[in-house]
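For reference, the chains in residue letters:
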Amino acid sequence: MKQYFKFELLKKDKNTFARRGRLTTPHGIIETPCFMPVGTLGTIKSLMPSTLEEIGAQIVLSNTYHLYLRPGTSIIEKAGGLHKFMNWNKPILTDSGGFQVFSLNNIRKIGDDGVTFASHIDGSKHFISPEKAVEIQQVLGSDIMMAFDECSAFGASRDEAYTAFKRTLNWLDRCVKAQNKKEQMLFPIVQGNMFHDLRLESLKETLPYADVGFAIGGLSVGEPKETMLEILDLMAPHYPDDKLRYLMGIGTPDYIIESVLRGIDVFDCVLPSRIARNGTALTSHGKLVVRNGQYKDDMSPLDPECDCYACTNFTRAYLRHLINCDEILGSVLLTLHNVKFLLDLSCNLRDAIDDGCLASFVSQFYDKYNS
């Protein structure tokens, strides 16, 4: 039988839990650690698929909830699946929509069968069960599907966190039974909120469902950074070597580095494109708010150490002009730079692990970035 998916552990760092890996999928190979740009609606805002390939994107994330509501699965199915619909020939991961549904708060109702919710677009009523989430993702044709889960909010009581964790496990079992396409891989999601015993119990009970990889959910949802790192430190010694680990919703340079040091392989976030639209850039010397007045006549590049199209062809003064005039090109150039910055960071982390110099790379990066 054809093997569609395979995860290989290539190298482990001697002093941390960081590691180098390789995930083989039907649409290509993903070298890890890897940052995954988020294209919620089937596009990374303002970037063409060809541009993403040029700057080194290996995989993108799209969202089941949003694509289900608009344009609808029938249209994507008619197009031949999400890869063809968005003209992206590399791997795609689809979030189950669980986090988006649960963030609706006052316009949804959670039960053991699934979630009833009102569309944020037109108020129409919908119901998504674990089986429905898998059905939608199978129509989308993503390489990696996420199991439908319940993400309990930061600050939830232990009873609330326990109920969500148990419901997530029950839904996971139903997702697995509903899946019937071998060319798609289902990733289970570890929950448990900030409670140490629940996190470890969730990890233990979730791993038997992880054929190739699994995700860690319910972090980076408002908790202090120290709390998130505490949970990652807790779980790191308990991960199996032969499974890919995906930490959901991580996208700042420091969070990426600290997650990699704690054994994470893949991460995603809307941050690089979102802050770009607000006129902020990630640079080797920290965040730069290019719309600020101090850059009005600054003829230096956005980041002298970056070789992206924005940095090699335009000045901070010009980029500030575009952003402050609400010109679309400003968002395009800053998004391109920010996404490439995180892709390059991931690549540099891979190289540092390969070369056995991770500690010195991290130290040098922080010295510069925090300056």
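Right above here is the structure, for reference.
Just so it is clear, the model here is predicted, and its values are computed rather than measured.

Points about the overall build of the protein
A tally of regular secondary structure across the protein gives 15 helices and 17 strands. On C-alpha atoms alone, the protein measures out to a radius of gyration of 20 Å, which is about the 21 Å that the 2.2 N^0.38 rule sets for 371 residues. For the protein, the spread of C-alpha atoms along the three principal axes comes to 60 × 50 × 45 Å. Counting every position in the protein, which comprises 371 residues, the buried fraction comes to 56%.

Details of the packing of helix H13 (residues 316-324) against helix H14 (residues 328-355)
Where H13 meets H14, the axes come as close as 7 Å, and the angle between the chain directions of the two elements is 125°. By the angle between their directions, the pair H13 and H14 is classed as oblique. The way H13 lies across H14 gives a crossing that is left-handed. Contacts from Tyr318, Leu319, Leu322 and Ile323 in H13 reach Leu329, Gly330, Ser331, Leu333 and Leu334 in H14. Taken together, the residues of the contact of H13 with H14 break down into seven nonpolar, two polar and no charged.

Let's talk about the pairing of strand S6 (residues 92-95)
Residues Ile92 and Thr94 line one face of S6 and the alternating positions Leu93 and Asp95 line the opposite face, and both faces are buried. As defined by bridge partners, strand S5 (residues 60-63) adjoins S6 across four bridges and the pair is classed as parallel. Bridge pairing in S6 links leucine 61 to leucine 93. Sheet analysis places S6 next to strand S10 (residues 144-146), joined by two bridges and oriented parallel. Looking at S10, one finds that leucine 93 is bridged to isoleucine 144.

Thoughts on the environment of glutamine 3
For glutamine 3, the location among the structural elements is in the segment before strand S1 (6-12). In this structure the C-alpha to C-alpha distance between glutamine 3 and valine 101, which are 98 residues apart in sequence, comes to 33 Å.

Remarks on unusual backbone geometry
For the peptide bond that leads from threonine 32 to proline 33, omega is 5°, which places it in the cis range. Here proline 33 shows up in the loop between strand S3 (28-32) and strand S4 (34-37). With an omega of 15°, the peptide bond between arginine 70 and proline 71 qualifies as cis. Among the structural elements, proline 71 can be located in the loop between helix H2 (64-69) and helix H3 (73-79). Even without a glycine there, the phi angle at serine 46 is positive, about 80°. For serine 46, the position within the fold is in the loop between S4 and helix H1 (49-54). Taking relative accessible area as the criterion, serine 46 reaches 38% and is therefore assigned partly exposed. The phi dihedral of serine 220 is positive, around 55°, even though this residue is not glycine. On the secondary structure map, serine 220 appears in the loop between strand S13 (213-216) and helix H9 (225-235).

Parameters at a glance
The residue numbering used here restarts from 1 in each chain and proceeds along that chain's sequence as written. Residues qualify for local features only when their pLDDT is at least 70, as the model is predicted, and side-chain atom pairs are given and counted only at 80 or more; totals for whole chains, interfaces and linings, by contrast, use all residues. Computation of side-chain values: all heavy atoms of the structure, hydrogens and water removed. To qualify as a helix, a DSSP run of H or I must reach at least 4 residues; to qualify as a strand, a run of E must reach at least 2; elements of each kind are numbered from the N terminus. Atoms considered for the radius of gyration are the C-alpha atoms alone. The globule rule reads 2.2 Å times the number of residues to the power 0.38. Each residue's exposure class comes from its accessible area (1.4 Å probe, protein chains only) as a fraction of the maximum for that residue type: buried when under 20%, exposed when over 50%, partly exposed otherwise. With axes taken as lines fitted to C-alpha atoms, and helix axes fitted only over the stretch in contact, angles between N-to-C directions fall between 0 and 180 degrees. Oblique is the label for any angle not covered by the other classes, which are roughly parallel (under 35 degrees), roughly antiparallel (over 145) and roughly perpendicular (65 to 115). Helix crossings fall into two classes, left-handed where the near helix is turned counterclockwise from the far one by less than a right angle and right-handed where it is turned clockwise. Only heavy atoms matter for contacts: two residues are in contact if any of them lie within 4.5 Å across the pair. Gly is placed with the polar residues, together with every amino acid not listed as nonpolar (Ala, Val, Leu, Ile, Met, Phe, Trp, Tyr, Cys and Pro) or charged (Asp, Glu, Lys and Arg). When DSSP finds two or more bridges between a pair of strands, those strands are recorded as paired.

From the geometry alone we can't say anything about function, so treat these as descriptive.
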